[in-house]
Every structure is written in C-alpha cells, then in structure tokens.
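Summary of the model geometry
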Amino acid sequence: SFFVRAGELDCDISLIISNHPDLKHIADSFNVPFEVFKITKDTKEEQEAKELDMMVNEYKIDLVILARYMQIISDNFCKTFNHRVINIHHSFLPAFIGGKPYHRAHERGVKLIGATAHYATANLDEGPIIEQDITRISHRDEVSELLRKGRILEKNVLAQAVKVHVEDRVIVYNNKCVVFGD
Amino acid sequence: MVASKTAKAAIGTLRVHGPDSRGIVAACSQVLSQAGCEIINSEQWSDHKAMSPHFFQRFQFKYCPSTSSQFQSTDQSLAKLCSEFRLNHELNWRSRKQRVGIMVSKYDHCLWELLLRHRERELDCEIPVVVSNHRHLEHVADTFQIPFHFVPISPENRIEQESEQLKLLQQIYNVDVIVLARYMQVLSSQFLDQFDRKIINIHHSFLPAFSGRRPYHRAFERGVKLIGATAHYTTEQLDDGPIIDQDVIRVSHRDEVGDLIRKGRILERNVLVSAIQAHLDDRIIVYGDKCVVFGD
C-alpha cells in the first residue's frame, strides 16, 4: 500500500520503485516516476545495485520509504542510506517480528494490534523505532478485520514518522530515536 | 397487616460454547424460561472462520431464589440439553459472592488498588486472604482487616510451601479464584492444575513483547514508544496464557527506566482490575488459548 498526503509532508516524492508493476497507476495519478525492478533469489544483488545507483546518482534521493515493500534489503543498502530508510512494520514491535504478524496476533488472542515505523537496519525489524501506535481489537475481529484496522494504523504511523524525519526532529542514539517536539 | 414476602430477585449467568448448530439459542432460552429465569441480557458470537464453526453465548438472567430444587432441576435440564448439542456450559446462580485470594510479593501498587476498589464496592467479590512470600505488605492487608499469611519460598522448599499455600487457599479460605498481584514466583504445574483458568496474573508488558523478566528495562533498551500491561490466565507456559485485557501508555526518549516503571504501574492497576471485573461478571469464555470477552 502506498500513501501520499499532499501538502502535509514537506518533501518531494521523486521516485517510486517496486518489484511488481501493479501499482504503476497510483504513481501515474500523482505524476511520479515509477520503476520496476523484479527480484528473484539470483537477481537480488544485481537488481539492488541498480536500484541504489538510480536512487543515489540519478534521482539524488535523501530518504527511502519502504511502504510495505516486502523484500529484505541488504547490509549494503542500509549502509548507503544509513538511518535514511524508514520501514513500516505491521505489528507493535518487538511483538510479532517477521512475516504474517496479523495472523500471529490473531492466534495469540491479543486485545490490541499495532504498527511500528522504524529505520531499517541489517537486522530485520530491529532498527530504531521512530513511532508506534495501537488500536483495540476483540475476539469478534477476524484476520481480515485486523488487516483492515491495521492498514489505517500503518498509514498514520508511517506518515507521522516521515513527517518527523523530514522536519529534522529525529536523532538516532543507541539504536533508539530521540524525537523532538512530540 | 400481612407482611408481603417478596423474595429479592437475584441475577445469574449462563455461558455456553460448542459446535455451532441451529436451535441452541432457542433451547437455552427455553430451559431458562421454564426455570422462572427472566433473561435480561444476552450476547453471542460465532467463529465462522474456524474449520468447524464454534458458537459462544452468554445469558444474564433474573430469578427469584426459591428452593434448591429449582437449581437442581435446571442444572439437570441444562446438562441434558448441552449433552445433546455437545456444548460446554457454565451456569452460575451467583447465590454467593466469589472468593478471591490475592498473592503478592513486595510490589504494593496492585494490592492497594485491588483492596481500595474492593472497599469502594467496585469489585463484587469477597477477599478472604492475602498470601505473600514476604512480610513487607502485611500492613496493607491489616489496613483492610484481611487475613495475611506469610509463606516464604526458596528453591529447596518450593513444593512444600506450595502445599502450604494450597492448603490456605483451598481448604482454609475456600477461594474460587486467585489473583497474582505482581506475585513474582513461578507456580508449578501441580499448583496450576488445582486452579485451572482461575488464576489471573498481571504482566508488566504488552504481551507477547517482553515476556519474562525485567520487561521495563528491555522496553527501555528497545526504545519502544509505547509500554503496556497484560492481564491473562496463568498457564504452564510463562506469560503465555489466554489474554483477558491489555492496555498501553505513550513513552518517549525523555523517559528513563524509572519513568517507564512509574507509568507502567498505572496501567498494571487498571488492566488487572478490568480483567478481574470481567472474570467476576462471568463475561469471559476461554477458548483454546484465547479469551472471548463479552460486554467489553
């Protein structure tokens, strides 16, 4: 999922990269260049090098947002954009690290679900947390309902994290984020 | 003048759950109605996504306690009905208040909260005893004139001491449910078997994050922006039992561990009370390792 709040985020969305062609129409409707880099196990390294080259050299990107980008990014990528890659994870970290967190939350019978925006690092879902939020659920909520409620959270938390980053309100210290003005 | 003898109405609950099929609601309602029970509240839910759909219902009803035969014949009709529909059921006439035994160690905030709320009549139960592995909180129990029993625990005497605890809780004080109000010892499976899904624990984190020891310290190290507390039924797996209630509170980089602990205490108290109220109200049906909580 991909979300742009016109006027609320003081930045330019210069480029959208995806490993699937499906969301091109969204990029088009906002007049943002859209590039597809398909990823497989064998082509991963090569494709990533191309992506990095495009972002750094061609588009001069300052901040990378992983808006439910489902591929794991390499060490090298993280080093190139150190504390400049924001990921949204669809759980209240450190609960439910990794895949299918809504399914696992449903199995565990938690009464709250969350979303966490953090800087991506080499260790999956372990980077410094910028922002988190939760919403209440009950036994009545099936996984599809968790997904629906969670999507709203993810959007809001990601937008908030991007906002504080572009407003230079974050200092990363000891794998944690000092966030000013909150 | 003839004094009219109007028996005071009482309120009871019936919880049923089992494989979903047609006719359950009608059949249960009829049994209750025939027993002279007036249904005042009913809530149901079906888990349609399960492999075989499972049905849950909670009835709350008014009745006039007359003779014990009413209880007996209703129990029998219900047992028969539930056997036909393959339902689990729990009928609670609530002719007496539930007896809640509290176990505590050295942290006092949850104990104070429970006893204060109880005094304000917010917890509809009796609290006949406080059991602790330290003497520190005896004065708290004394303030509320509740019997306090000191049962120290060490790795060597754990089993004997648990027998002592069980003797107090079961035989002497006859408690229905145990609340671990920041009781810091791990209970053995033998102990847990005696009170299956009748032991409510408060864990000072938003489970399943930070299960185990020192959750506030670990939350601080992780740099989370929210901390939580979770009330759950205690099972053999540490901090893994069915979750009754949870809540969170915001924290920031400015909060040191001491601040997390301080903010967390508010949560722990509120979440624990909320969970106990749900249990005392018979609003919970435990299903596998999750809780269906009605009326929330």
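Residues numbered from 1 in each chain as written. Chains lettered and ligands numbered in written order. Predicted model: local features only at pLDDT ≥ 70, side-chain atom pairs only at ≥ 80, totals over all residues. Heavy atoms only, no water.

1. Concerning the overall build of chain A
On a plain count of helices and strands, chain A comes out with five helices and eight strands. Listing the helices and strands of chain A from first to last along the sequence gives β-α-β-α-β-α-β-α-β-β-α-β-β. A globule of 182 residues ought to have a C-alpha radius of gyration of about 16 Å, and chain A, at 16 Å, matches this closely. Principal-axis analysis of the C-alpha atoms places the extent of chain A at approximately 50 × 35 × 30 Å. Here chain A, with 182 residues, has 46% of them falling under the buried criterion. (Helix = DSSP H or I, 4+ residues; strand = E, 2+ residues; numbered from the N terminus. Rg over C-alpha atoms; globule rule 2.2 N^0.38 Å. Buried < 20%, exposed > 50% of the residue type's maximum accessible area, 1.4 Å probe, protein only.)

2. Side note on the interface of chain A and chain B
With 34 residues of chain A at the interface, the matching set in chain B holds 35 residues. Approximately 2,900 Å² of surface area, both sides summed, lies buried where chain A meets chain B, with 53% of it carried by carbon and sulfur atoms. Considering only the surface of chain A that becomes buried against chain B, Arg108, Lys111 and His139 of chain A emerge as the three largest contributors, covering 24% of it. Close ionic contact of Arg250 of chain B with Glu131 of chain A constitutes a salt bridge, the shortest N to O distance being 3.6 Å. Residues belonging to the side of chain A that touches chain B are distributed by class as follows: 15 nonpolar, seven polar and 12 charged. (Contact = heavy atoms within 4.5 Å. Buried area = accessible area lost by both parts, 1.4 Å probe. Salt bridge = Lys/Arg side-chain N within 4 Å of Asp/Glu carboxyl O. Nonpolar A, V, L, I, M, F, W, Y, C, P; charged D, E, K, R; others polar.)

3. Some words on the nonpolar core
Proteins that are soluble and globular tend to have nonpolar side chains buried together. Residues and elements named next belong to chain B. Core analysis: the largest hydrophobic core is formed by 38 residues, its most contacted members being Leu114 and Leu272. Here the element with the most residues in this core is helix 8 (residues 257-280); it accounts for eight residues. When sequence neighbours within four positions are dropped, the list of residues in contact with Leu272 reads Cys110, Leu114, Val179, Ala181, Ile200, Ile202 and Ala231. Core analysis: the second largest hydrophobic core is formed by 21 residues, Ala10, Ile24, Val31 and Ala35 among them. (Core = buried A, V, L, I, M, F, W, Y, C linked by side-chain atoms within 4.5 Å.)

4. Re unusual backbone geometry
Residue Pro94 of chain A is reached from Leu93 of chain A by a cis peptide bond, and omega for that bond is 5°. Mapping Pro94 of chain A onto the fold places it in the loop between strand 4 (85-89) and helix 4 (101-108). Residue Arg68 of chain A is not a glycine yet carries a positive backbone phi of 60°. Within the secondary structure layout, Arg68 of chain A lies in the loop between strand 3 (64-66) and helix 3 (75-80). The phi angle at Arg182 of chain B is positive, at roughly 65°, despite the residue not being glycine. Locating Arg182 of chain B in the fold gives a position in the loop between strand 8 (177-180) and helix 6 (189-194). A relative accessible area of 5% places Arg182 of chain B in the buried class.

5. Looking at helix 5 (residues 158-172) of chain B
Residue and element names in this part refer to chain B. Spanning 15 residues, helix 5 covers 20 Å between terminal C-alpha atoms, matching the ideal 21 Å at 1.5 Å per step. Turning to helix 5, its buried residues are Gln161, Glu162, Gln165, Leu166, Leu168 and Leu169. On the buried face of helix 5, the contacting elements are strand 5 (98-104), strand 6 (125-132), strand 7 (148-150), strand 8 and helix 6. Just past helix 5, the residue Asn174 takes up positive phi, approximately 50°. (Expected span 1.5 Å × (residues − 1).)

6. Some details on the confidence of the model for chain B
Residue and element names in this part refer to chain B. Residues at a pLDDT of 70 or more form 97% of chain B, whose mean pLDDT is 93. Across residues 1-5, confidence stays below pLDDT 50; counting only partners more than four residues off in sequence or on other chains, it has zero contacts. Note on the complex model: pTM 0.89, ipTM 0.84. (pLDDT = per-residue confidence, 0-100.)

7. Points about the sheet that holds strand 6 (residues 129-136) of chain A
All names here are of chain A. Read from one edge to the other, the open sheet built from four strands follows the order 3-4-5-6, with strand pairing classed as mixed. Lying at the two open borders of the sheet, with one neighbouring strand each, are strand 3 and strand 6. Neighbour-to-neighbour, the strand axes of this sheet turn through a mean angle of 10°, independent of strand direction. Here helix 5 (residues 143-166) sits on the sheet in contact with strand 3, strand 4, strand 5 (112-119) and strand 6, set at roughly 30° to strand 5. (Pairing = 2+ DSSP bridges. Axes fitted to C-alpha atoms, helices over the stretch in contact; angles between N-to-C directions.)

8. Side note on the pairing of strand 3 (residues 54-63) of chain B
Residues and elements named next belong to chain B. Where burial is concerned, most of strand 3 is hidden: nine out of the 10 residues are buried. Pairing analysis gives 10 bridges linking strand 1 (residues 10-19) to strand 3, with the strands arranged antiparallel. By the bridge assignment for strand 3, His17 is matched with Phe56. Bridge count between strand 2 (residues 38-47) and strand 3: nine bridges; the pairing is antiparallel. Bridge assignment links Glu43 to a residue of strand 3, and that residue is Arg58.

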